[in-house]
Every structure is written in C-alpha cells, then in structure tokens.
Amino acid sequence: MRGSLRSRTIKWTLHYAVLLIYVVAALFPLYWLVKVSITPNDILYKQGTDLLPSRFSLEHYATVVGKSDFLLFFRNSIIVSGVTAIASTLLATASGYAFSRFVFRGKFWIVGLMLVTQMFPLVIVITPIFSIFGVLGLTNSLTGLIIIYTAFNIPFATFLMQSFFDGIPKELEEAAMIDGATRFKALVQIVAPLTLPGIVATVGFCFTGAWGEILFALLLNSSASTSTFPVGLLLYSTRATVEFGPMMAAGVLALLPVCVFFFLIQRYLVQGLTAGAVKG
Amino acid sequence: MASIEIANVRKDFGAVPVLKGVDLSIASGEFAVLVGPSGCGKSTLLRLIAGLEDASSGDVHIDGRRVNDLPPRDRDIAMVFQSYALYPHMNVRDNMAYSLKLKRTPAARIAEAVGGAAAKLGLEALAGRKPRELSGGQRQRVAMGRAIVRNPKAFLFDEPLSNLDARMREQMRFEIRKLHRDLGATSVYVTHDQIEAMTMADRIVAMNAGIIQQVGTPLELYDDPANMFVAGFIGSPAMNFLDARARRGEHGIAITVGGTAFCTLPQSLSLPEDGHVKIGIRPERIRIGASGGEGVDAAVDMVETTGAASVAHLDLAGQPLKVFTTERLQFAQGQRVPLAFDTGHVCLFDGASGDRLR
C-alpha cells in the first residue's frame, strides 16, 4: 500500500510539474506584455530584466488612448472582425448544411476546390489580389478586408460546420418536417439550437483569425483611417526606436475584447470542439 | 383515417433500383406490416409514403389524393422513427406539442391534446423531462405520444422497437396494438422481425429485393406461402426445405429425397419439366417416433431445449431437418428415429425459381 501511495504521489507530482512548465511557457510572454505595459518609461530599460518593476504606472495606456490613433484602429478591427465572423459563419452554416444534407452534382469538385484553397500560403496570392482590389477600389477600405477574410475563412469554417451538422441525426429534421415544419423552419428551430456550440466555435475561430491578421491588413490598407490594430502596433516600431511601453499597452488593450469574447463563449466552445466525440 | 394506395412505384438510388414496381393498397383503419430482410426496400417504401423520398416513377395516394408532389408537412401523417428522433432540447411536453404549435393551435387545445396523449401513454409524470433523462421505453412512448396528439390520417412506424430489449419490445408490441385498437387509425409498420409482423399485423406485406413477395393475413402467409422466400422468412424455427425429385405416377406425385421415397402428393399439382423440386414442411408439423406416417426415418444430430419446447436437429439423407415439439426429447447422437407428418402440410416449390407449385 505504502509503495503504491508513494508511486502515485510521484506520478501526480510529475504530472503537475509537466503541466506547470507548459502553463508557464504559454503564459510568460503574456505576463511580460502586461509587465512592460505598466513599467514607467524611466525605469523600463534600467530594470529591463527584473520580474517586477519597482514602480507601476499607467502612463503608456494614457499615451495609447490619448495621443495615438489606437481607438480608431481598435474600432476598425472590431468592425472588420465582427462582420467577418458573422458573414463567414452565416455562409459556412449554409454551405456546411448543404454539404452535410444534400447530394448534388459537382459536390465532390466543390469540396476538392475548397481544400485546394487551404493548401498554399496566402503570400503567393497577395499580389494578384492587390491588383484586382485596386481596380475595384477595395484597397484602403474595411470592406475589402472583410471580403478577403471572409473568403479565406469560409472553406475551413464550412468543414467545421459540416462536421457539426453531420453529428445531428437527419431523423430530427425529418421528424420536424413530418410534424409540419418546412426544411428552413426545421433548420432554425430544431437543428440550429443543437448546433449552437458549433456555430459559436465557428464565430470564435473566424473572429480571432481576422482580429490578429496582419499581412493583408498591412498591404491592402495603407491609410491610417482604415488600418486595423495589428498594423497600428507596428507604428510604435520605427526605424530609429521601438516604443515598447505603448506597444505593449496597446497589445494588452487589443487582447481584452478577445478575452471577454472567449470568456462569454467558453462554455459553448468546450462543448462545440468536443461534440461528437462521445455518442449520446 | 385514410386509405393508402401505392401504384407501380419504382425508386432508384443512382443506378441501384431499390423498389422495382410496387403495388399495394392499405385499407382505412388497417394495421399493415411491411416485413423483409435488411435492404429489401421496406423502409424506402415507408419514406416514400411519408414524403421523405421521391418516387422515381409511380403514384402514391393518401385518402384518395395523389401526394407525390406534396412535402411531408402537407401529407397529414405521423411517423415514429427507429431512433425515436425526439427533439433533444425540448422537454416531453414540448416534443409532443411541437406539431400543434406549428399549426398555430390555441394553447388550451394543445394542453388538452398533450395531456390526453400523456395520460394514455402514462407520461404525465415525465412531462417536464428532457429526452436524455428518459429510458428507452419512455422515449419510445414519447415518440408515440408525439404521433397521436396530431390525430393524423395515418401512422407510419419505422422499426420502432429495434432499440429496445426483448422484454420491453414484447410490452410495447402489445401497447402499440392496443393503441391501434383504441384509435383505429391506418398504420403502416416496418420491421425485419417476423414475430412482430405475425403478432401485430392485420395484413403482412412480405418484401424482398425491392419486390412485394406476398400480401395477406399472418396466418395466410404462414400456412400458404407464395414462394420459398416467404415460407422461409415467416416462422421460427424456419420451415424445412429439402431438395427432392418429383415424378407423376398413377396414384399421385411421388416425391423422393436422396433416392428414398418421401411422400405422395395429389395429382393436381403442377410440376417443373426436370422434376427438380424443393419440399417445405414446418418443424412443428413433423412428429418423431410416431407410427402411421410415411415410413421416413432420419438420424438425430442434436437436441436443443428451452424447457417449454425442444428442437431436434436431424439428418435426412444428408440434408438437415428440424423438428419442433413441446415434448421433452431424449435421443443419442446418431440414433435413427421414424418421422410422421401429414402430406397436407407439405408445400411444393419449383427447385429453380423457388415459386410455389400449386
């Protein structure tokens, strides 16, 4: 008994040690972000490697909010990510449902084509997209970003939604249709509530994807009025200096909406990403 | 209540024909059971009646009205699925009320209808529960309740008892039958279980390979099967089939099995030219050890007993033969026993096509 108790203790200690290493490795950069953002400028470099600064100050936050375009970038990011998330999810829900439920001509090729779009790096299509968007007047506009993000999100989001719909028995819709519902009503009243975790997971995935995207945001939109906050963060880094304090403060502020968003949906997210894992 | 007419219905899935020209009429108030092995097309036929599948050709009429182009919601039928298909996010009450809500029935009427159905099925205490909090039998009852609150023209059942254990199945069989007696609604019931078909049906529709093999009352199918498929599918233990030769003689048709005389059948039966036939005889129609039979004997291979009955597995000229009896049998392996049977219970089938020879 004592032997087994000791070996169990060792096992659990090891278990938690490994978890601790992982958590520290994952969260340390975040801690550093917050630490730098609240360190006053005069000791930022003097106490650069200390784990805690000797004094705290919110001066960087004041700089970011009061003396920069950060609020504008922030607003742009919210618009772009929010609209992208909603548009992608609506379209992916519709196409995922069609892939899950209908047999139609060309389905195989459409799925194949969507997979192909996931295979190559975005960087190789950026030049043609830039020239096409230029002609269409979609550079330097939030609409252009929304279109491109939505387009690139749809394939993966569609497969995600399709797998959630696949997990809902077809008989439920059939029962609803026999009970007197149209297919659309059955989708809205019976299937959608059951797919809610999946829908929320898809919204979350599309939102964070658009929120942190920088490549297209940087290349398509050069004016400050249409920049998103990842581009805005770069403004703190110039050829001569890097303003670490304000940059980190802006980073912390940019994290907040995502944190709040995930805090609100985490219950659904855990359900959504594990749905179908266990029958029942 | 309504009649259902199916006229020359064909259904292909791609290049695969599933229903190959089905004609069937189900009378108003009848309890019809579609029975057959997996893949015989029975569920597809039911789904065609429900409107969940479209026929490739042919017509479906419900209550005299052609419904081919009507969506399920406009056919006024109710269906009970094998998986029950209860809405998981709604409680028992809402599951049962859903169809009435869609029809914008006044709340008071809904409460009355749901209450009535719940009382009939013993579900009152469960009204507030979600489907996942119910046992298999209770879910089955809710699915039935959802069907009966609507007072539909016809009930369709798609293997509703398959997911229940044997005891529960027996009880639900009885309850569904009783419900049908009370409501008198036209019902079409799909099953692969011939016991369910025998015990529940007013009429059985036996199907195989997309074709209706025979339609009739349970005892008609049992006593007078149209072909070897029906003869072998209906009844447990299954009918014995023996390879045999038939030759027309002066006193009747002489049947030989493995070169030995087996029995003599009436002259009136038709025979195939080559004389190759199968004879079918039900296990309970053969008696062991009785005198006065046709003078056939067989070797005992094994005896199975359930307490109430015994099944003897015999070897007759190299062909297996089962005998079912309520007597307790005590035989040694290899022991030869005399067999007796009434030739009136022998069915004759064409050796090649399997069709009944009459």
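Visitor: An account of the pattern of salt bridges is requested, with residue identities and associated values reported.
Guide: According to the stated counting rule, one finds 19 salt bridges over all chains in the structure shown. Ionic pairing is found between B:Asp94 and B:Lys101, a salt bridge with its closest N-O pair at 3.3 Å. Since its relative accessible area comes to 44%, B:Lys101 is described here as partly exposed. Via salt bridges that share partners, A:Glu174, B:Lys11, B:Arg47 and B:Glu53 belong to a single interconnected network.

Visitor: Lay out the domain arrangement of chain B in plain terms, naming residues and giving numbers.
Guide: All names here are of chain B. Under the domain assignment used here, chain B contains domain 1 (4-233) and domain 2 (240-350). Placing a centre on the C-alpha atoms of domain 1 and another on those of domain 2 gives a separation of 39 Å. If you look at the interface, domain 1 gives eight residues, while domain 2 gives seven residues. For the pair domain 1 and domain 2, the summed buried surface comes to about 660 Å²; carbon and sulfur atoms form 62% of the total. It is Tyr222, Met228 and Ala231 that lose the most area in domain 1 upon contact with domain 2, and together they represent 74% of the buried surface on that side. Our enumeration of links across domain 1 and domain 2 arrives at zero salt bridges. Taken together, the links from domain 1 to domain 2 amount to three residue pairs in polar contact (both at pLDDT 80 or more). Broken down by class, the residue content of the side of domain 1 that touches domain 2 amounts to five nonpolar, two polar and one charged.

Visitor: Could you give an account of the domain arrangement of chain A, with specific residues and numbers?
Guide: Residues and elements named next belong to chain A. By the assigned domains, chain A splits into domain 1 (2-37) and domain 2 (68-274). Taken together, the five residues of domain 1 in the interface contact seven residues of domain 2. The junction of domain 1 with domain 2 conceals about 450 Å² of combined surface from both sides, 91% of it contributed by carbon and sulfur atoms. Together, Leu33, Val36 and Ser37 form the three largest contributors to the area buried by domain 1 at its contact with domain 2, with a combined 83%. Applying the counting criterion to the domain 1 and domain 2 interface returns zero salt bridges. At the boundary of domain 1 and domain 2, one finds zero residue pairs in polar contact (both at pLDDT 80 or more). When its residues are assigned to classes, the side of domain 1 that touches domain 2 shows four nonpolar, one polar and no charged.

Visitor: Report on the interface of chain A and chain B, specifying residues and quantitative values.
Guide: Listed as interface residues are 17 residues of chain A and, on the opposing side, 21 residues of chain B. Approximately 1700 Å² of surface area, both sides summed, lies buried where chain A meets chain B, with 64% of it carried by carbon and sulfur atoms. Broken down residue by residue, the surface that chain A buries against chain B is led by A:Glu174, A:Ile178 and A:Asp179, which jointly contribute 39%. Remark: the boundary between chain A and chain B carries two salt bridges. Salt-bridge contacts for A:Asp179 lead to B:Arg150; the nearest nitrogen and oxygen are separated by 3.7 Å.

Visitor: With reference to specific residues and values, describe unusual backbone geometry.
Guide: Residues and elements named next belong to chain B. Here the residue pair Ser236 and Pro237 is connected by a cis peptide bond, since its omega of -5° sits within 30 degrees of zero. Among the structural elements, Pro237 can be located in the loop between α8 (228-233) and β11 (240-248). In this structure, Asn8 takes a positive phi of about 45° despite not being glycine. A relative accessible area of 44% places Asn8 in the partly exposed class. Unlike most non-glycine residues, Glu159 shows phi in positive territory, near 45°. If you trace the backbone, Glu159 turns up in the loop between β7 (154-158) and α5 (166-183).

Calculation criteria
Residues numbered from 1 in each chain as written. Chains lettered and ligands numbered in written order. Predicted model: local features only at pLDDT ≥ 70, side-chain atom pairs only at ≥ 80, totals over all residues. Heavy atoms only, no water. Salt bridge = Lys/Arg side-chain N within 4 Å of Asp/Glu carboxyl O. Buried < 20%, exposed > 50% of the residue type's maximum accessible area, 1.4 Å probe, protein only. Domains from an automatic or database assignment. Contact = heavy atoms within 4.5 Å. Buried area = accessible area lost by both parts, 1.4 Å probe. Polar contact = N/O pair within 3.5 Å; in protein donor to acceptor, adjacent residues only side chain to side chain. Nonpolar A, V, L, I, M, F, W, Y, C, P; charged D, E, K, R; others polar. Helix = DSSP H or I, 4+ residues; strand = E, 2+ residues; numbered from the N terminus.

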